[in-house]
2 protein chains.
Amino acid sequence: MVRAVPDTHGEILAAAARQFTVTGYRGTSLQDIAREVGCSKATVLYHFANKEALLAELMAPAIEVLRSLDEQLTGLTGAAAQEVAAQGFVDLAVRFRQEIAVLRGEFPELLCQPAFAHIQEISDRLRDALAGHSDRPGARIAALVLLAGISEACGEFADIPDDELRLALLTLARRAVEPVDAPLPHPPTTEDKDS
Amino acid sequence: MVRAVPDTHGEILAAAARQFTVTGYRGTSLQDIAREVGCSKATVLYHFANKEALLAELMAPAIEVLRSLDEQLTGLTGAAAQEVAAQGFVDLAVRFRQEIAVLRGEFPELLCQPAFAHIQEISDRLRDALAGHSDRPGARIAALVLLAGISEACGEFADIPDDELRLALLTLARRAVEPVDAPLPHPPTTEDKDS
DNA sequence: CTTCCATCTGACCGATCGGTCAGGGTCTGA
DNA sequence: TCAGACCCTGACCGATCGGTCAGATGGAAG
């Protein structure tokens, strides 16, 4: 019988993800994580420089996708920006349900950490795009409600398959977003378009 | 000059509300609250049995309103339930911005405390009503997104006056909620077509 | 003045937190 | 056989947490 290489690093990461989503970052101690993995707290700190680094590595993939979405958004305006923002964020939220659920609620404090330095600005731009770059309160409010609500929903509906959740959220987003006056500049043509 | 009676009890309550909204319940220590009030930590614990009791007293008014909304909802179905739920929750969220902001994010852990024993059930019923008591995933998801998003928005847009915020949120809620078969008082624009 | 009570405080407690450190196994390649 | 890299651990550290307690203060009542 092939004894699998004990991937302690990965196990710690997975255990941390599970616990952070339930108890939150603050509410989860390194001891808790170590207990679930079945190792000592010192082992956790052997694999990760500190608690913050553990969180950072956990979030890295999601953050990378968020960053690329931010790049896609540059230059877009009005309805085009809204559509790309909605589609991109729903996709991201569904794909990284667990990671999003961790950030939820502890957003403001976690953002102080250097690893998440630019997330605040990025999510502000995302929210702005979702509002069609309008400064009307109604549009701004709708954009915030959507971003926060979608984040929450992804953590909650773990039982619903990805495709169904994505479709429902996207439909909801399109219906909820304040329509901007400006017509779509030109329907997404051969520009770099997602699948 | 009449030296005002130092309402330490109230000052502690107010300071706690401010800090909880910023740093969260877990993230705020009794020391922090005492420092802002300008008294000792022991004084805080003289006025409140413990940290949990402080939170409970802070939340009491909001919880009372939530409970009465829950009563209004009993027996209502379909579009009527949706409208009452939307209107009632938006009103509650706007009126108790600060309190709602405290619960946001630390919901699951805080609900374990006996003072908030029935809140989970109440908010579940509220969500169910907002979904028009439909069991379609789309409706359930929309209801959750709205409840979570509205809670978040109220904490965020402290600069927007109550009336404006209430109107914007209610408009958003009516537009976002999945329409149930029963006729609506305010029929949505016919350009929206759903299955 | 004495008594009483509400208010407030500094000192202290045990528990737990994130994090450090010296050292013990185990495997591998020279 | 032995050196060294890698993985892991128990013991320990200072800081901070929520909470306790004996006592100081000060005003009102007798």
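Calculation criteria
Residues numbered from 1 in each chain as written. Chains lettered and ligands numbered in written order. Predicted model: local features only at pLDDT ≥ 70, side-chain atom pairs only at ≥ 80, totals over all residues. Heavy atoms only, no water. Helix = DSSP H or I, 4+ residues; strand = E, 2+ residues; numbered from the N terminus. Contact = heavy atoms within 4.5 Å. Near = heavy atom within 4 Å. Polar contact = N/O pair within 3.5 Å; in protein donor to acceptor, adjacent residues only side chain to side chain. Nonpolar A, V, L, I, M, F, W, Y, C, P; charged D, E, K, R; others polar. Buried area = accessible area lost by both parts, 1.4 Å probe. Salt bridge = Lys/Arg side-chain N within 4 Å of Asp/Glu carboxyl O.

### Points about the overall build of chain A
Along the backbone of chain A there are 10 helices and zero strands. When the elements of chain A are put in sequence order from the N terminus, they spell out α-α-α-α-α-α-α-α-α-α. A separation of at least 24 residues holds for 70% of the contacts in chain A among residues at least 6 apart in sequence.

### Some points on the protein's contact with DNA strand D
In the vicinity of DNA strand D, 15 residues are found, and the nearest of them are Thr8, Thr43 and His47 of chain A together with Lys41 and Lys51 of chain B. A distance of 2.7 Å is found between a phosphate oxygen of DNA strand D and a side-chain nitrogen or oxygen belonging to Lys51 of chain B. Sorting the residues of the surface near DNA strand D by element identifies helix H3 (41-47) of chain A together with helix H3 (41-47) of chain B as the ones contributing at least two each. In terms of residue count, H3 of chain A provides more of the surface near DNA strand D than any other element does, four residues in total.

### Some points on the protein's contact with DNA strand C
In the neighbourhood of DNA strand C, 15 residues make up the surrounding shell, with Lys41 and Lys51 of chain A together with Thr8, Thr43 and His47 of chain B lying closest. For DNA strand C, the fraction of atoms within 4 Å of the protein that belong to sugar or phosphate moieties is 53%. Between DNA strand C and Ser29 of chain A there is a distance of 3.3 Å, counted from a phosphate oxygen to a side-chain nitrogen or oxygen. Between Lys41 of chain A and DNA strand C, the recorded distance is 2.7 Å, taken from a side-chain N or O atom to a base oxygen. Listing elements by their share of the surface near DNA strand C, those giving two or more residues are H3 of chain A together with H3 of chain B. Counting residues per element, the surface near DNA strand C draws most heavily on H3 of chain B, which supplies four residues. Of the residues assigned to the surface near DNA strand C, the class counts are six nonpolar, seven polar and two charged.

### Here we look at the interface of chain A and chain B
With 36 residues of chain A at the contact, the number on the chain B side is 36 residues. Of the roughly 2800 Å² buried where chain A meets chain B, counting both sides, 70% is carbon and sulfur surface. In this structure, Glu156 of chain B and Arg127 of chain A form a salt bridge, with 3.8 Å as the shortest nitrogen-oxygen distance. Joining chain A to chain B, the criterion identifies three residue pairs in polar contact (both at pLDDT 80 or more). Secondary-structure elements contributing two or more residues to the side of chain A that touches chain B are helix H1 (8-23), helix H7 (107-110), helix H9 (137-156) and helix H10 (162-176) of chain A. Residue contributions to the side of chain A that touches chain B peak at 14 residues, all from H9 of chain A.

### Quick look at the side chain of Glu83 of chain B
Here Glu83 of chain B is to be found in helix H5 (residues 78-95). Within the structure, the side chain of Glu83 of chain B is placed 2.6 Å from the side chain of Arg174 of chain B, a separation counted as a polar contact.

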